[in-house]
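Each chain, letter by letter, is given below.
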Amino acid sequence: MTENFDRAPGAGRAHIKPRSPGLADVRDGDATSVFNQREPLRQPRTSPPLTENNPNNSEAIGGECRSPSKPHQFIHNHSTPGSKVKSVDSPVNTSILSANAPEFYPASFSPYEESVSEDGGDGYYTEMTLAELVEEFLSYLNSSPGSFETDIEHMVNMLNSWVTTEETLQELVELIYTQSTAIPNFSYTGARLCNFLSHNLVLSPASGNFRQLLLKRCRTEYEQRDVAVRGDQETQKKFQAYVLFLGELYLRLELKSAKGPPSRAEILLIALRELMNSLFSNPVDGNLICAVKLLKLTGSVLEDVWKEKGKSDMDQLVQRIENIVLDAQCSRDVKQMLLRLVELRSSNWGRVHAAAASDATPDNDPNYFMNEPTFYTADGTPFTAADPEYSEKYQDILDREDDCFPEDCEENGNESSFNDEDEMDPEIEEAFEKFCLESERRRR
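Residues numbered from 1 in each chain as written. Predicted model: local features only at pLDDT ≥ 70, side-chain atom pairs only at ≥ 80, totals over all residues. Heavy atoms only, no water.

Student: Describe unusual backbone geometry, listing the residues and the values that go with them.
Tutor: Despite not being glycine, Asn 185 shows a phi value in the positive range, around 60 degrees. Along the chain, Asn 185 turns up in the loop between helix 6 (166–182) and helix 7 (187–200). Unlike most non-glycine residues, Asn 348 shows phi in positive territory, near 60 degrees. Here Asn 348 lies in the loop between helix 14 (332–346) and strand 3 (375–376). (Helix = DSSP H or I, 4+ residues; strand = E, 2+ residues; numbered from the N terminus.)

Student: How would you explain helix 14 if you had to name every residue and give the values?
Tutor: Look at helix 14: 21 Å from first C-alpha to last across 15 residues, which is about the 21 Å you get at 1.5 Å a residue. Taken residue by residue, helix 14 has Val 334, Leu 338, Leu 341 and Val 342 as its buried positions. The buried residues of helix 14 occupy an angular sector of 100 degrees when projected down its axis, which confines them to one face. Residues of helix 14 that are exposed and angled more than 90 degrees away from the buried face: Arg 332, Asp 333, Arg 340, Glu 343 and Ser 346. Where helix 14 is buried, its residues touch helix 12 (285–308) and helix 13 (313–327). One or two steps after helix 14, the chain reaches Asn 348, where phi turns positive at roughly 60 degrees. (Expected span 1.5 Å × (residues − 1). Buried < 20%, exposed > 50% of the residue type's maximum accessible area, 1.4 Å probe, protein only. Arc of directions from axis to C-beta. Contact = heavy atoms within 4.5 Å.)

Student: How would you summarise the packing of aromatic side chains if you had to cite specific residues and measurements?
Tutor: With the rule as written, the count across this model stands at 3 aromatic pairs. Summarising the aromatic geometry, the rings of Tyr 177 and Phe 245 are spaced 6.1 Å apart at their centres and angled 75 degrees between planes, so their arrangement reads as edge-to-face. Residue Tyr 177 is located in helix 6, and its partner Phe 245 is located in helix 10 (residues 233–252); the two are separated by 68 residues in the primary sequence. Take Tyr 177 and Phe 245: they sit in the same class, and that class is buried. Ring-pair connections join several aromatic residues into one group, and the members of that group are Tyr 177, Phe 239, Tyr 242 and Phe 245. Its guanidinium or amino end placed over the ring of Tyr 250, Arg 264 lies 5.8 Å from that ring's centre, counting from NZ or CZ. (Phe/Tyr/Trp six-rings, centres within 6.5 Å; stacked < 30°, edge-to-face > 60°. Lys NZ or Arg CZ within 6 Å of the ring centre and 35° of its normal.)

Student: So what about the packing of helix 7 against helix 10? Which residues, and what values?
Tutor: Where helix 7 meets helix 10, the axes come as close as 8 Å, and the angle between the chain directions of the two elements is 45 degrees. As judged from the angle between their axes, helix 7 and helix 10 are oblique. Crossing handedness for the pair helix 7 and helix 10: right-handed. Mapping the contact onto sequence places Ser 187, Tyr 188, Gly 190, Ala 191, Arg 192, Cys 194 and Asn 195 in helix 7 and Leu 244, Phe 245, Glu 248, Leu 249 and Arg 252 in helix 10. Along the lines of polarity and charge, the residues of the contact of helix 7 with helix 10 split into 6 nonpolar, 3 polar and 3 charged. (Axes fitted to C-alpha atoms, helices over the stretch in contact; angles between N-to-C directions. Parallel < 35°, antiparallel > 145°, perpendicular 65-115°, else oblique. Left-handed = near helix turned anticlockwise from the far one by under 90°. Nonpolar A, V, L, I, M, F, W, Y, C, P; charged D, E, K, R; others polar.)

Student: How would you summarise the environment of Glu 166 if you had to cite specific residues and measurements?
Tutor: For Glu 166, the location among the structural elements is in helix 6. For Glu 166, a relative accessible area of 40% gives the class partly exposed. Separated by 38 residues in the primary sequence, Glu 166 and Ser 204 place their C-alpha atoms 8.3 Å from one another. Among the polar contacts made by the side chain of Glu 166, one reaches the side chain of Ser 207 at a distance of 2.8 Å. (Polar contact = N/O pair within 3.5 Å; in protein donor to acceptor, adjacent residues only side chain to side chain.)

Student: Explain the nonpolar core residue by residue, including any values.
Tutor: Of all hydrophobic cores here, the largest spans 73 residues; its most connected members are Leu 159, Phe 210, Tyr 242, Leu 246, Leu 249 and Tyr 250. Residue contributions to this core peak at 10 residues, all from helix 12. For Leu 249, the contacting residues outside a window of four places in its chain are Ala 191, Cys 194, Leu 214, Cys 218 and Leu 268. (Core = buried A, V, L, I, M, F, W, Y, C linked by side-chain atoms within 4.5 Å.)

Student: If you had to explain the confidence of the model for the protein chain to someone new, which residues and values would you point to?
Tutor: Averaged over all residues, the pLDDT of the protein chain equals 75, while 60% of them reach at least 70. Overall, residues 409–421 carries pLDDT values under 50, and its contacts beyond four positions in sequence, including any with other chains, amount to 8 contacts. (pLDDT = per-residue confidence, 0-100.)

Student: Residues and numbers for the environment of Gly 299, please.
Tutor: Within the secondary structure, Gly 299 sits in helix 12. Between the alpha carbons of Gly 299 and Trp 349 there is a distance of 7.5 Å; along the sequence they are 50 residues apart. Setting aside its immediate chain neighbours within four residues, Gly 299 contacts Leu 294, Met 314 and Trp 349.

Next up, the structure:
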């Protein structure tokens, strides 16, 4: 058993020479032919730099300097007729790019061209037109109407330098009219601007000054009123904006006179009367709402002017409104608006004359209790002197105050919490008594 362990390593084993599938069993002398029969090396994708002219890349082997053979020579010398070699051309040799080629631009690229203005300038800053100037200023006034007083003079000075011909004046009138009727809620500021320009714009050609050209432009729209009130929805909206702008223009446009105070344009008064007739001739909701807004805006002024002339135009308009409420097929909300307008007119448009303020009573003055204090009951319900139960509720408040602060209340059991110095001042007490008497008189 032990003799098996005393043998030398590897003893008794058969040595088999490894055999490569590409090599045959040959003798030592045939080794060169074996290597010649192998497939040639694959050609590199890129050609290495040539080394014949570079002495630093030579290798010293056995004391002799020899340059490595070129890859193409190696493949040619060691290739056999049966071998297949794929020739790969270098991108450097096959490229059509050139260092001397012109600059390349993508198809979507547009080369920069320096703009040159007609007057020979560099063209970087273009001059603003009159339309851009006016639109920018009106947009500024629309967003900041409170700056009108501070900036209007500067604006007029700029316009005086711009508007030097009849054509530019006509363009200015059209721009302001268009913006005043197109921008929502700009009719008031637009009318103020028109009034200021009518007095401060210098240019006044033979065709008319700013005010005259503006009234001509408004007349053009006025002559189309009967068609506009029955047009489509967009046409009616434009016409309604024009009506409200004309109402603001009547209130703001002043005609100065050397003999007396400024007056309003009589032509606008006549136009407003006819425009309201046109609105009521087609009593749809949009036209009726526009008429209500116009009368709330100008009703008190129109009625005063008509009364001075002995006319009853306002009574006729109110009678027509009442007939529309009864007969017209308008919405319920619009009818409520018309009824409230009639009530507003019956209360003299909410005005209280200063001469009759001393004789005001709760019956003839709707603002009689405006400055009265507001009290609250125990459950938090507010009430004023206009409340029918005012005296009873006010007495309850006084009683609660007496319960909270009794006269015989003493501090520490033997001293009164109020001494003589805490008594009410005689003047305050007298004023309080007058207040109580006045409240009692009003209640009766």
